[in-house]
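Read off the chains here:
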Amino acid sequence: MQASTISTPLSQELQRDTIGVAAATVTLNHYPGENMNIPADLKYTSSHEWVRAETDGTISIGITEHAQELLGDLVFIELPGLESEFVAGQEAAVVESVKAAADVYAPLAGTVVGVNQAVVDAPETVNQDAYAAWLFRMRPNTADDLATLLDAAAYQMIVDAA
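All values derive from a computational prediction rather than experimental measurement.

**Student:** Explain the overall build of the protein chain residue by residue, including any values.
**Tutor:** Assigned secondary structure in the protein chain consists of four helices and 11 strands. A separation of at least 24 residues holds for 62% of the contacts in the protein chain among residues at least 6 apart in sequence. For the protein chain, the accessible surface area stands at approximately 8,100 Å², while carbon and sulfur atoms represent 50% of it.

**Student:** Describe the sheet that holds strand β11 (residues 136-140), naming the residues involved and giving the relevant values.
**Tutor:** Spatially, six strands are ordered β3-β4-β5-β11-β10-β7 in an open sheet, and the strand pairing comes out antiparallel. On the outer flanks of this sheet lie β3 (43-44) and β7 (85-86), each paired with one strand and no other. Direction of pairing for strand β10 (residues 110-115) relative to β11: antiparallel, over a ladder of five bridges. Along β11, the bridge assignment pairs Val 112 with Met 138.

**Student:** Tell me about the pairing of strand β5 (residues 59-63), and please be specific about residues and values.
**Tutor:** Here β5 lies mainly inside the structure; five of its five residues are buried. Burial of the side chains of β5 extends over both faces: Ile 59, Ile 61 and Ile 63 are buried on one face and Ser 60 and Gly 62 on the other. Alignment of strand β4 (residues 49-53) against β5, held across five bridges, turns out to be antiparallel. Across the sheet, residue Glu 49 finds its bridge partner in β5, namely Ile 63.

Analysis parameters
- Residues numbered from 1 in each chain as written.
- Predicted model: local features only at pLDDT ≥ 70, side-chain atom pairs only at ≥ 80, totals over all residues.
- Heavy atoms only, no water.
- Helix = DSSP H or I, 4+ residues; strand = E, 2+ residues; numbered from the N terminus.
- Contact = heavy atoms within 4.5 Å.
- Areas by Shrake-Rupley, 256 points an atom, 1.4 Å probe, with all protein chains shown as cover.
- Pairing = 2+ DSSP bridges.
- Buried < 20%, exposed > 50% of the residue type's maximum accessible area, 1.4 Å probe, protein only.

Here it is as structure tokens:
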């Protein structure tokens, strides 16, 4: 897997996978036709987050199976605080593996209404089932914005094109 070196004021060098990193080229180890789990009932972002609409009007957010495969074994997850407000595309969480760290972005503008402490306590649960291991929940500012996210077919095209 290709990684990029990014200089930050907080550290001299961080090794980060190119997924979920702004202004970086996404390099994926996926080949068209490869068997990838992309559930049709979810929405997706081009930065590899999945989004599930809940019956109470909130959305659950996690990282895709593809993202967790690229990252490898997760060892640390930092989630946003309750009541944190984000704009769409803003860094909201961080997932770290033995070989890389990646930001998780808010897919829509809204307020955090729940966090999944179980994934903080056991990050490997994301590797075991990325679509069951949600990271945080938000109440979107505008419910109709969910329709602007990618469907499974569009996300598959992004993965295949990379």
